[in-house]
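Coordinates in review
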Amino acid sequence: MPDSLTPESLTPGSPTADPAATDAPTGAPAGAPTELVSLALQELRNQRQSLLDEIQQLEARREQINKEITASFSGRSDQIARRVKGFQEYLVGALQDLAVAAEQIELVPQPLLVKPSPLDQAQSPANPSAAGGDSSGPPAAAGLFAGDAELIRQHLQGFSGQPDFYADPWNLRRSLDDEGAALLDDWFLAQGGRGAQNSRGSRSRNALVAAAAIAILTRLYGERFQTLVLAGEPERLGEWRRGLQDCLGLGREDFGPNSGIVLFERADALIERADRLEERGELPFIVIDPGVPAIEIPVLQFPLWLAFAAGPGEQVDDLPPY
């Protein structure tokens, strides 16, 4: 044992210092960090699985919502598109008719030239009721129909044959079935051209019946009458326009205030137009859509009107177009 200890001999860098004296105790086992990492990883895995489950539930909910949206709107897509198309065609036609009417306004009324019907020329002058009475006033429709039953039935029989797709305008280009022919036979000869008939179930069939009536009236009166259609809504008027165009081979120029067919949404405007026609010695032919809930009383005073009554299986507010 040395006799004395100097401070240099006690420093760590001294060769005589004890290496064991510099080691500090750790106070923890060696495997502890590994267990903490494993617990953290397990917790992350659990959180990840929980998030995946929630994402799966949200995707299932999204698919269910998409199916509900598809089921709610796909069934009405065709009907909505048809209504929009009908309104668009009616609006375009109405604007064109308005522009044409504005260009053709006459400040001084011109004398009306009435084209005589071949049927009127063939009638005996001794029977004024059969010849339509005074040429200055509207012709007596019931008298003419009562005296020309054979001619009317001959036309109805001819309409039941093969369709003539290349017939001249204002002639029927489609075939008329037996029920439609019976309807017009009753309307012309039993009702005298003034009355209501049951709807054929759709506007296309009603337009076919009205087109057959217009074709016969054209043979009887020539240009001495004008067809007035009352439907109440723009999309219905668009369907009537397309149906009459197809059945009679007409164009847009045939629909308008100064043309052969005029479309109306309101009954008061139609009645005013019919009064003006009678003042000029012309004959208004009024066609009323089954969607119109009631017939205005002033309409009943005119000599020619055909109203389609909605059947038991039809809705007055929304008759199916096809």
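Summarised in this report is the structure supplied together with it. (Residues numbered from 1 in each chain as written. Predicted model: local features only at pLDDT ≥ 70, side-chain atom pairs only at ≥ 80, totals over all residues. Heavy atoms only, no water.)

With that out of the way, let us pick up the environment of Thr 218. Here Thr 218 is to be found in helix α6 (residues 203-221). Owing to a relative accessible area of 23%, Thr 218 belongs among the partly exposed residues under this scheme. Along the chain, Thr 218 and Asn 171 lie 47 residues apart, while their C-alpha atoms are 8.3 Å from each other. If we ignore the near neighbours within four places in the chain, the residues touching Thr 218 are Trp 170 and Phe 225. Among the polar contacts listed, one links the side chain of Thr 218 to the backbone oxygen of Ile 214, at a separation of 2.7 Å. (Helix = DSSP H or I, 4+ residues; strand = E, 2+ residues; numbered from the N terminus. Buried < 20%, exposed > 50% of the residue type's maximum accessible area, 1.4 Å probe, protein only. Contact = heavy atoms within 4.5 Å. Polar contact = N/O pair within 3.5 Å; in protein donor to acceptor, adjacent residues only side chain to side chain.)

Judged by pairing direction, the sheet is parallel, and its 5 strands sit side by side in the order β1-β5-β4-β2-β3 without closing on themselves. Every other strand in the sheet has two partners, leaving β1 (194-198) and β3 (261-264) as the edge strands with one partner each. This sheet shows a mean twist of 20° between the axes of neighbouring strands, independent of strand direction. Here 6 bridges tie strand β2 (residues 225-230) to strand β4 (residues 283-288), and the two strands are oriented parallel to one another. Each bridged residue has a counterpart across the sheet, and for Thr 227 the counterpart in β4 is Phe 285. The strands touched by helix α7 (residues 234-248) within the sheet are β2, β3, β4 and β5 (304-309), with β3 carrying the most contacts at an inclination of about 160°. Against the sheet, helix α8 (residues 267-279) makes contact with β2, β3 and β4, and its axis sits at roughly 175° relative to β2, the strand it touches most. (Pairing = 2+ DSSP bridges. Axes fitted to C-alpha atoms, helices over the stretch in contact; angles between N-to-C directions.)

Below, the discussion takes up the nonpolar core. Grouped burial of nonpolar side chains is what soluble globular proteins tend to show. Counting 43 residues, the largest nonpolar core has Leu 176, Leu 184, Leu 244 and Phe 285 as its most contacted members. Broken down by secondary-structure element, the contributors of at least two residues to this core are α4 (149-159), α5 (178-190), α6, β2, α7, β3, β4 and β5. Here the element with the most residues in this core is α6; it accounts for 13 residues. If near-sequence neighbours (up to four positions away) are discounted, Phe 285 is found in contact with Trp 187, Ala 210, Ala 213, Ile 214, Leu 217, Phe 225, Gln 226, Thr 227, Leu 228, Leu 304 and Leu 306. Membership of the second largest hydrophobic core comes to 16 residues, among which are Phe 264, Ala 267, Trp 305 and Ala 307. (Core = buried A, V, L, I, M, F, W, Y, C linked by side-chain atoms within 4.5 Å.)

Most of β5 is tucked away: 5 of the 6 residues are buried. Direction of pairing for β1 relative to β5: parallel, over a ladder of 5 bridges. Pairing of Arg 194 across the sheet is with Trp 305, part of β5.

Once that is clear, we can look at the packing of aromatic side chains. As enumerated under the stated definition, the model contains 5 aromatic pairs in all. Pairing Trp 187 with Phe 285 gives two aromatic rings, centres 5.6 Å apart and planes at 50°, and the pair type is tilted. Here Trp 187, found in helix α5, pairs with Phe 285, found in strand β4; they are 98 residues apart in sequence, far enough to count as distant. With respect to class, Trp 187 is no different from Phe 285; both count as buried. One aromatic cluster is present, formed by Phe 145, Trp 187, Phe 188 and Phe 285 through successive ring pairs. (Phe/Tyr/Trp six-rings, centres within 6.5 Å; stacked < 30°, edge-to-face > 60°.)

Keep in mind these numbers describe shape, not what the thing actually does.
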